[in-house]
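Overview (structure and organization)
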Amino acid sequence: MSWGDVGLAAGAFVLMEPITAVLHRTLFHGPGWLLHRSHHQPTGTAFEANDLFPVGFAAVTILAMALGTFADGLVALVPVGVGVTAYGAAYAAVHDLYIHRRVDVLPRHVRGLEHLRQAHGLHHRFDGAPYGMLAPVVPARIRARARAADETAAAATLRQVEMRARVEKTS
C-alpha cells in the first residue's frame, strides 16, 4: 500500500461521518423507517430489521473492492473500501457494542466515548438530530430542549421528595 492509498483510505474514513449522518437523516428516518424503527423501538431480540442496513452497505463495499481488484482503472476503490470498512467497524464498536451493549464485551464507561453515548441518547430521546455517530453535531436547540426537559424532571422529582417529607412529618 502506498502513501496515496493510505490517504485515500483515511479520506474515505473521514468522509463516512457526514455521509452516514445524511443517510441516517434522509434514508433511515425517511423511506427506510420501516426497517430503522426496529432500532428505536427495540423488541429485545438479538437481531433487528435495522441490521439489514449495515449488511447492505457491507455488500456494496465488498463489490466495490472486488471491482477495484479486478478492473483496470478502478484500483482506488480498494483503499476507499478499506477506509469505509474501518469506519463501519468503528461505528459498530461505538454504536452496537459500547452505546447499546448488544454484546457486552466493552467496558461500561470509557471517558472518551461518553459524549458519543450522550449525543446518541439525545437522538433516541427526541427522534432527531444528531444523526452522526463518531463526530455528532448536536444542534443548540436540541441541547436547550434536553436541558429544559431535565430541569422539568428535576423539579418534579424535588416536588415529590418535598411532598413525601411533609407526609412523613405529619404522620
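Below: a short report on this structure. (Residues numbered from 1 in each chain as written. Predicted model: local features only at pLDDT ≥ 70, side-chain atom pairs only at ≥ 80, totals over all residues. Heavy atoms only, no water.)

Moving on, we come to the layout of surface pockets. Estimated volume of the largest pocket: approximately 840 Å³. In terms of lining, the largest pocket is formed by 34 residues, of which the most central are Phe-53, Pro-54, Phe-57, Gly-88 and Tyr-91. When contributions to the lining of the largest pocket are tallied by element, the ones reaching two or more residues are helix 1 (3–28), helix 2 (33–40), helix 3 (52–70) and helix 4 (77–99). Residue contributions to the lining of the largest pocket peak at 12 residues, all from helix 4. Partitioning the lining of the largest pocket into residue classes produces 20 nonpolar, 10 polar and 4 charged. Forming the walls of the second largest pocket are 13 residues, and the residues nearest its centre are Ala-21, Pro-130, Tyr-131, Gly-132 and Val-137. (1 Å grid on protein atoms, 1.4 Å probe; cavity = no way out; pocket = protein on both sides within 12 Å on 5 of 7 lines; lining within 4 Å. Points joined across faces, edges and corners; volume = space filled by probe spheres on them. Helix = DSSP H or I, 4+ residues; strand = E, 2+ residues; numbered from the N terminus. Nonpolar A, V, L, I, M, F, W, Y, C, P; charged D, E, K, R; others polar.)

This part is about the pattern of salt bridges. By the definition in use, this model includes 5 salt bridges. Note that Arg-102 is salt-bridged to Asp-51, the shortest N-O span being 2.8 Å. Taken together, the residues span a long stretch of sequence, with Arg-102 in the loop between helix 4 and helix 5 (114–126) and Asp-51 in the loop between helix 2 and helix 3 at a distance of 51 residues. Using a relative accessible area of 30% as the deciding quantity, one classes Arg-102 as partly exposed. In this structure, Arg-108 and Asp-104 form a salt bridge, with 3.1 Å as the shortest nitrogen-oxygen distance. (Salt bridge = Lys/Arg side-chain N within 4 Å of Asp/Glu carboxyl O. Buried < 20%, exposed > 50% of the residue type's maximum accessible area, 1.4 Å probe, protein only.)

Before going further, it helps to examine the nonpolar core. With 10 residues, the main nonpolar core is built from Ala-12, Met-16, Val-84, Tyr-87, Tyr-91, Val-94, Tyr-98, Ile-99, Leu-116 and Met-133. Breaking this core down by element, the ones donating at least two residues are helix 1 and helix 4. For this core, the leading source of residues is helix 4, giving 6 residues. Not counting residues up to four positions away in its chain, the partners in contact with Tyr-87 are Phe-13, Met-16, Glu-17, Thr-20, Met-133 and Leu-134. Membership of the second largest hydrophobic core comes to 6 residues, among which are Phe-126, Val-138, Ile-142 and Ala-146. (Core = buried A, V, L, I, M, F, W, Y, C linked by side-chain atoms within 4.5 Å. Contact = heavy atoms within 4.5 Å.)

All chains considered together, the criterion is met by 5 aromatic pairs. Aromatic pair Phe-28 and Phe-53: ring centres 4.0 Å apart, planes at 15°, arrangement stacked. You can see Phe-28 sitting in helix 1 and its partner Phe-53 sitting in helix 3, a full 25 residues away along the chain. Under the relative-accessibility criterion, Phe-53 is labelled buried at 10%. Ring centres 6.1 Å apart and planes at 45° place the aromatic pair Tyr-87 and Tyr-91 in the tilted group. Of the two residues, Tyr-87 and Tyr-91 both sit in helix 4, 4 residues apart, roughly one turn of that helix. Per residue, the accessibility class of Tyr-87 equals that of Tyr-91, and both read buried. A cation sits over an aromatic face here: Arg-117 above Tyr-98, 4.2 Å from the ring centre. (Phe/Tyr/Trp six-rings, centres within 6.5 Å; stacked < 30°, edge-to-face > 60°. Lys NZ or Arg CZ within 6 Å of the ring centre and 35° of its normal.)

Nothing here speaks to function; it is geometry throughout.
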